[in-house]
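# Examination of the molecular architecture
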Amino acid sequence: MNKLIKRAIFLMLGNIFTVFLFAQQLPITPYPNQVEIKEGSLKISQTITIDDVKSSFKGELDVFKKQLNDYTNYKIKKRKLNTILYLIKDESVKQESYELKISSKGIEMKAGDSVGAFYGLQSVLQILIDSEIKEQAIAYCQIKDQPRYAWRGLMLDESRYFFGGKEVKRLLDMMAIHKLNKFHWHLTDSPGWRMEIKKYPLLTKVGGMGNQFDPNAPAQYYSQKEIKEIIEYAAQRHIEVIPEIDMPGHATAAVRAYPEISGGGSEKYPNFTFHPGKEETFEFLTNVLKEVGELFPSKYIHIGGDEVHFGNHMWKTFPEVKEMMKKNKWKSMVDVEHYFLNRMADTIQNMNKTVLGWDEVVGAGLSRYNTTVMWWRHDKPQLFEKSIKEGYQVIMCPRLPLYFDFVQHDSHKDGRRWNGIADIESVYAFPNKEMTGGNDFDKANVLGMQANIWTEVIHNNDRMEFMTFPRIAALAEASWTTNGQKNWKGFSDRLPGLINFYQQRGIKLFNPLQPNKTPEINGPVKSN
Ligand code: ACM
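Residues numbered from 1 in each chain as written. Predicted model: local features only at pLDDT ≥ 70, side-chain atom pairs only at ≥ 80, totals over all residues. Heavy atoms only, no water.

### Brief notes about the overall build of the protein
Secondary structure summary: the protein contains 16 helices and 15 strands in total. Here the C-alpha radius of gyration of the protein, 25 Å, is about what a compact globule of 528 residues would show, namely 24 Å. Overall size of the protein, expressed as C-alpha extent along the three principal axes, is 100 × 45 × 45 Å. Here the protein holds 528 residues, and 58% of them are scored as buried. Put simply, 72% of the contacts in the protein that link residues at least 6 apart link residues at least 24 apart. Just so you have it, the protein exposes about 23,100 Å², and 52% of that area is on carbon and sulfur atoms. (Helix = DSSP H or I, 4+ residues; strand = E, 2+ residues; numbered from the N terminus. Rg over C-alpha atoms; globule rule 2.2 N^0.38 Å. Buried < 20%, exposed > 50% of the residue type's maximum accessible area, 1.4 Å probe, protein only. Contact = heavy atoms within 4.5 Å. Areas by Shrake-Rupley, 256 points an atom, 1.4 Å probe, with all protein chains shown as cover.)

### Quick word on the pairing of strand β13 (residues 371-375)
Counting buried residues in β13 gives 5 out of 5 residues, a clear majority hidden from the surface. Pairing between strand β12 (residues 354-358) and β13: 4 bridges, direction parallel. Its bridge partner lying in β13, Val355 is registered against Thr371. Examined bridge by bridge, β13 and strand β14 (residues 393-396) share 4 bridges and lie parallel to one another. Across the sheet, Thr372 pairs through a bridge with Gln393, a residue of β14. Between β13 and its parallel partner β14, the chain crosses via helix α11 (residues 381-389), and the hand of that crossover is right-handed. (Pairing = 2+ DSSP bridges. Right-handed = clockwise from strand over helix to strand, strands pointing away.)

### Focus: the confidence of the model for the protein
When pLDDT is averaged across the protein, the result is 94; 95% of the residues are at 70 or more. The lowest-confidence element of the protein is helix α1 (residues 2-23), averaging 48 in pLDDT; the highest-confidence one is strand β9 (residues 182-186), averaging 99. Note that pLDDT drops below 50 for residues 13-22; the model gives that stretch 4 contacts with residues more than four away or on any other chain. (pLDDT = per-residue confidence, 0-100.)

### Things to note about helix α3 (residues 114-134)
Residues spaced three or four apart along an α-helix face the same direction, because each turn holds 3.6 residues. In this model, α3 (21 residues) spans 30 Å end to end at C-alpha, consistent with the 30 Å of a helix rising 1.5 Å per residue. Burial analysis of α3 places 18 of its 21 residues in the buried class, which makes it a mostly covered element. One or two steps after α3, the chain reaches Glu135, where phi turns positive at roughly 50°. (Expected span 1.5 Å × (residues − 1).)

### Structural notes on the packing of helix α2 (residues 58-71) against α3
Packing of α2 against α3 leaves a shortest axis separation of 10 Å and a crossing angle of 15°. Considered as vectors, α2 and α3 are oriented roughly parallel to each other. Crossing of α2 over α3 shows right-handed handedness. When α2 is examined against α3, the residues Glu60, Leu61, Val63, Phe64, Gln67, Leu68 and Tyr71 are found in contact with a partner set consisting of Ser114, Ala117, Phe118, Leu121, Gln122, Val124, Leu125, Leu128, Ile129 and Glu132. Residue classes in the contact of α2 with α3 are distributed as 12 nonpolar, 3 polar and 2 charged. (Axes fitted to C-alpha atoms, helices over the stretch in contact; angles between N-to-C directions. Parallel < 35°, antiparallel > 145°, perpendicular 65-115°, else oblique. Left-handed = near helix turned anticlockwise from the far one by under 90°. Nonpolar A, V, L, I, M, F, W, Y, C, P; charged D, E, K, R; others polar.)

### Brief notes about unusual backbone geometry
Of the consecutive residues Met247 and Pro248, the connecting peptide bond is found in the cis state with omega at -10°. Along the chain, Leu400 connects to Pro401 via a cis peptide bond; the corresponding omega equals 15°. Note on placement: Pro401 falls in helix α12 (residues 399-402). Of note in this structure, Glu135 is not a glycine but carries a positive phi near 50°. Mapped onto the elements, Glu135 comes out in the loop between α3 and β7 (138-145). Residue class for Glu135 comes out exposed when judged on its relative accessible area of 74%.

### Considering the pattern of salt bridges
The final tally for this structure, using the stated rule, is 25 salt bridges. Across the pair Glu36 and Lys38 runs a salt bridge whose closest N-O atoms are separated by 3.9 Å. In this structure Glu36 comes out as partly exposed when scored by relative accessible area, which is 46%. By relative accessible area, which is 33% here, Lys38 ends up partly exposed. Between Arg237 and Asp173 there is a salt bridge; the shortest N-O distance is 3.4 Å. (Salt bridge = Lys/Arg side-chain N within 4 Å of Asp/Glu carboxyl O.)

### A word on helix α16 (residues 488-504)
Between the first and last C-alpha of α16 there are 24 Å, a value that for 17 residues agrees with the 24 Å anticipated at 1.5 Å per step. In α16, a bend of some 35° at Leu495 exceeds every other bend along the element, and Pro496, a proline, comes one to four places later. What α16 keeps buried is the set Gly490, Phe491, Ser492, Arg494, Leu495, Leu498, Ile499, Phe501 and Tyr502. Buried residues along α16 sit in contact with α2, α3, α4 (165-177), α13 (424-429) and α15 (471-480). With a side-chain oxygen positioned 3.0 Å from the backbone nitrogen of Lys489, the residue opening α16 is Asn487. (Bend = angle between axes of the 7 residues up to and from the residue. Polar contact = N/O pair within 3.5 Å; in protein donor to acceptor, adjacent residues only side chain to side chain.)

What follows is the structure, encoded as structure tokens:
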């Protein structure tokens, strides 16, 4: 009898334990695509030994050691009886993938290439951070992980507000830990030109003055040396930096510096465009793109192409444009716009680079082999469909839910709204058919997704962080973890840990789980 009771209790506890194991998840965001949690756990010693004899991931390990030092109290030392982290290069592990095994032996991470090794180390880092905070052993587990999308991007608009290199590196640090891998740098637009171009110094001297909130702000921009340093910092974290030179619209800062190539504007957007009828314009922009192409190792150069109709009203009055239209039998200013884009796309092709453009470039007849489209107008899903049908590679960044200048909570007063807000739940839920207008987001030419931090309503570093964190974590998981593995409940259970981690770094965030405890860091203006 006694034995039977004991056995029943044993079975019951076993069941409870099993349920606990199933409910348990690992503290990794984005969540890995294949996870097996096993019975038992590994206690981590305060000093860790790294055995990297069988790896060649020195650069990745250097960043990891720095992160471990910055984010935890763990020390790395060669000592017996430590927890051992084994790094193994294994060519059978697919590119950009990693395998992780935690057992009584220690932590074993295998990767076939340096990208996969970096991602594996980011997962190890997150596990260690969590186990230190919770003073907990790590569950034995086995992970096989690879990204869902090749493009997991974040765009920062520094034309409207200049955040500076320190803040950009802070953002890159958080991108790295979440395995985001593309930093799209919006450095030129109407309020300010932020990138040194040696051939045209007035671009920064004159065009770098002012911002969205203060037209008289002193010139702020990045020198080419500073840009190189940021590209290098990002590359060490396997983040590619993609420059954008917006044209033929959003050109006010550039033509303020060089008025001879202005194509005029409208009442609301004065001097908004480059002149499409002057050879001088194309020569100027070709020289600019050459310097940009040499500076940025990325194969992509983004040429904008958006919202030209905001300020192309003068074009039809220019004799050069009239003549071109007559000669080529063009009917409208859209034809002129397409001509402009084709000329600049040719320049980029001649540099052996790939054109990136906002979804206005669809229909311009650019080469499908050399053009990637960013679908941003969520209310025009037909442009997403058309891009795919025409064979372009496509990156999804629809305003809703992926523009981080939209408010993220209904109680917030400042920021954009457009029949909807971009709360963390909807960022997490992307992509789904409802949000893509019924279009298939798993097609081979859908490269991935990106969130864009536009700064019309963001006027300081704290507010940028408030608008970005923790939505950045939802972006990371939505772009890394397949829809089958994504799980809002699991993500929201991990969210307090992430929020705590960000706050430890001094990041000013919004806590969607306790909206009343993190008052809005207000913007300067309300926007629609
Ligand atoms: C954009 O938001 N104008 C691409």
